[in-house]
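Breakdown of the fold
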Protein chains: 2
Amino acid sequence: MLQVWALEGIGEVRSGDDLRAIVGDALASSHEAVADGDILVVTSKIVSKAEGRFVIADDREEAITRETVRVVASRTSPSGHTTRIVENRLGIVSAAAGVDASNTPEGTVLLLPDDPDASARALAAALRERFGVRVGVLISDTLGRAWRDGQTDHAIGAGGVHVFEDLRGQVDAQGRPLVVTLPCVADELCAAADLVKGKATGLPVAVVRGRADLVGELDLPGARSIVRTVERDMFRLGADEAYAEGYAAGLAAR
Amino acid sequence: MLQVWALEGIGEVRSGDDLRAIVGDALASSHEAVADGDILVVTSKIVSKAEGRFVIADDREEAITRETVRVVASRTSPSGHTTRIVENRLGIVSAAAGVDASNTPEGTVLLLPDDPDASARALAAALRERFGVRVGVLISDTLGRAWRDGQTDHAIGAGGVHVFEDLRGQVDAQGRPLVVTLPCVADELCAAADLVKGKATGLPVAVVRGRADLVGELDLPGARSIVRTVERDMFRLGADEAYAEGYAAGLAAR
């Protein structure tokens, strides 16, 4: 049985706040005592706020540009709005480079945490010490998908949680190797957590209980290891962008 | 509180089996009585098996070719293995067109259900009638992602479940419209379910309790509505493929 619930009592997080104390106090006052193997899924927004990752920006688009390492694809709608799919400095491909303009003070936007894996590990370490139980921490962000509409939550930081469940080498009932073999459990945990957190309701932390087997040492690989390397990425450019590059090269090859 | 558990007692499903009876009997004998608003997440494999979607194929690659509507991208590794990202007849972009060679009789592979939304609705209708409660049904498949390693479970069929939670029009605490606004809750529910089902353990159905608000009429849009239309798809071709098309066009434009 997997149980997932949102942690009550976390108010507005401000720059410089001690997230370890805030989350720890919310856990301490929860009607459900934290237990060995619990996994906390923390919305990246409150991590960014505590880390003071606000930047002055009247224009979210300008902030996205500054956070962009590489434009993967862009498209302008008939109404004139341009959607940009970009890679940010964490290697994450998304529609807005993690720049968040919701629930931020007027005239500011919020960037992603500087190093979400380090933030997750620090929070996990502090909670393990305070409560004497081995918990894991994931930091989640909301991402779109290449071929599917809508968004789902994904892991951008991980501390003390196995991000993949490695089934390679396991066999099916007929003794043949399983072909699909690397479930990204960190992303699945973040997706499950989003079902109880809600985007507008001020519940930025969820607890997932029931997969203690995924909790481990703090030096486990972080969520950065989920990001596909460019050598393995077949979609490093949008189709239109790659076509245009090819066309120019073809013309120049005369 | 969200609760997710796997349904016990579903054995090997064979061609022609009545999935409504099998899942219904498993629900009836569960220690937990089915309740209004429960969402069942059913692995597509057992739907396909019941529907007899086996085809004779010594070669999974040949079966993938037959199921492919359109090759999106392909890449051959130094060891000679070719990975193909293809669109299947359901519009789903994946690495194997839904062709499954695990846990199938020797010399056969399994195709996806013919019409997963119809299968989900039929199962939901039967369970609603049998138990007198309003349940929803999702049919899940395991899919890779463009820019992230590993796989997560996604919804390919939906009966009586809202596949999106429409937050468009909602505002944040400062009264500004929420920008990220279309959580694909169907995919998040399937991801949550995968955390209790496991791939090799013979637990193909999970029950999710706690989001009864997402359960509705049987004529709600199906999972087909999650698939991005080609007009909105910026990644209709892999980067190498689009580049090659562009290059050829550039050469020809001389």
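Residues numbered from 1 in each chain as written. Chains lettered and ligands numbered in written order. Predicted model: local features only at pLDDT ≥ 70, side-chain atom pairs only at ≥ 80, totals over all residues. Heavy atoms only, no water.

Focus: the sheet that holds strand E2 (residues 39-43) of chain B
A sheet is described by the order of its strands in space; here ten strands give the open sequence E9(A)-E8(A)-E2(A)-E10(A)-E1(A)-E1(B)-E10(B)-E2(B)-E8(B)-E9(B), paired in mixed fashion. Two strands bound the open sheet, and with one partner strand each, they are strand E9 (151-159) of chain A together with strand E9 (151-159) of chain B. Recorded for the sheet is a direction-independent mean angle of 25° between the axes of neighbouring strands. Looking at chain direction, strand E1 (residues 2-6) of chain A and strand E10 (residues 205-209) of chain A are connected through four bridges and run antiparallel. Looking across to E10 of chain A, one finds that Trp5 of chain A is bridged to Val207 of chain A. (Pairing = 2+ DSSP bridges. Helix = DSSP H or I, 4+ residues; strand = E, 2+ residues; numbered from the N terminus. Axes fitted to C-alpha atoms, helices over the stretch in contact; angles between N-to-C directions.)

A look at the state of the cysteines
Scanning the entire structure with this criterion turns up zero disulfides over all chains. Cys184 of chain A takes part in no disulfide bond, and the closest cysteine sulfur to it belongs to Cys190 of chain A, at a distance of 8.5 Å. (Disulfide = S-S within 2.5 Å.)

Considering the domain arrangement of chain A
All names here are of chain A. The domain boundaries assigned to chain A delineate domain 1 (3-52 + 115-159 + 187-228) and domain 2 (54-111). Computed over C-alpha atoms, the centres of domain 1 and domain 2 are 23 Å apart. At the junction of the two partners, domain 1 supplies 13 residues and domain 2 supplies twelve residues. Summed over both partners, the interface of domain 1 with domain 2 buries about 1,000 Å², with 58% contributed by carbon and sulfur atoms. Summed over the shared surface of domain 1 and domain 2, the number is one salt bridge. Viewed at the interface, domain 2 and domain 1 are joined by five residue pairs in polar contact (both at pLDDT 80 or more). Elements represented by at least two residues in the side of domain 1 that touches domain 2 include exactly helix H2 (44-50) and strand E8 (136-144). If you tally residues by element for the side of domain 1 that touches domain 2, the top one is H2, at three residues. Considering only residue class, the side of domain 1 that touches domain 2 consists of four nonpolar, three polar and six charged. (Domains from an automatic or database assignment. Contact = heavy atoms within 4.5 Å. Buried area = accessible area lost by both parts, 1.4 Å probe. Salt bridge = Lys/Arg side-chain N within 4 Å of Asp/Glu carboxyl O. Polar contact = N/O pair within 3.5 Å; in protein donor to acceptor, adjacent residues only side chain to side chain. Nonpolar A, V, L, I, M, F, W, Y, C, P; charged D, E, K, R; others polar.)

Concerning empty space enclosed by the protein
The full count for this structure, using the stated rule, is two cavities of 30 Å³ or more. Estimated volume of the largest cavity: approximately 240 Å³. Taken together, 21 residues make up the lining of the largest cavity; nearest its centre are Gly144, Arg145 and Ala146 of chain A together with Arg145 and Ala146 of chain B. Going through the elements one at a time, E8 of chain A together with strand E8 (136-144) of chain B are the ones with two or more residues in the lining of the largest cavity. Split by residue class, the lining of the largest cavity holds twelve nonpolar, five polar and four charged. As a volume, the second largest cavity reaches approximately 100 Å³. Forming the boundary of the second largest cavity are 14 residues, of which Thr152 and His154 of chain A together with Arg145, Thr152 and His154 of chain B lie nearest the centre. Elements represented by at least two residues in the lining of the second largest cavity include exactly E9 and helix H5 (185-197) of chain A together with E9 and helix H5 (185-197) of chain B. (1 Å grid on protein atoms, 1.4 Å probe; cavity = no way out; pocket = protein on both sides within 12 Å on 5 of 7 lines; lining within 4 Å. Points joined across faces, edges and corners; volume = space filled by probe spheres on them.)

Digging into the interface of chain A and chain B
Each side of the interface is counted separately: chain A has 84 residues, and chain B has 84 residues. Here chain A and chain B share an interface that buries about 7,600 Å² over both sides, 56% of which is from carbon and sulfur atoms. Ionic pairing is found between Asp240 of chain B and Arg236 of chain A, a salt bridge with its closest N-O pair at 2.7 Å. Run the count over chain A and chain B and you get 42 residue pairs in polar contact (both at pLDDT 80 or more). At the level of secondary structure, the elements contributing two or more residues to the side of chain A that touches chain B comprise E1, strand E4 (68-76), strand E5 (82-88), E8, E9, H5 and helix H6 (239-252) of chain A. Class assignment of the residues belonging to the side of chain A that touches chain B gives a composition of 44 nonpolar, 18 polar and 22 charged. When E1 of chain A meets strand E1 (residues 2-6) of chain B, the two strands line up antiparallel, connected through three bridges. Within E1 of chain B, the residue paired with Gln3 of chain A across the bridge is Gln3 of chain B.

Description of the relation of the copies chain A and chain B
Between chain A and chain B, which share one sequence, the superposing operator has a rotation angle of 180° and an axial displacement of 0.0 Å; the RMSD is 0.0 Å. Interpreted geometrically, this transformation is the action of a two-fold axis. (Least-squares fit on C-alpha atoms with pLDDT ≥ 70 in both.)

Examining the side chain of Arg209 of chain A
Residues and elements named next belong to chain A. For Arg209, the position within the fold is in strand E10. Here Glu32 takes part through its side chain, which lies 3.1 Å from a polar atom of the side chain of Arg209. At 2.8 Å, the side chain of Arg209 forms a polar contact with the side chain of Asp38. Sequence-distant contacts of Arg209, that is, excluding residues within four places in its chain, are made with Met1, Leu2, Gln3, Trp5, Glu32, Ala33, Val34, Ala35 and Asp38.

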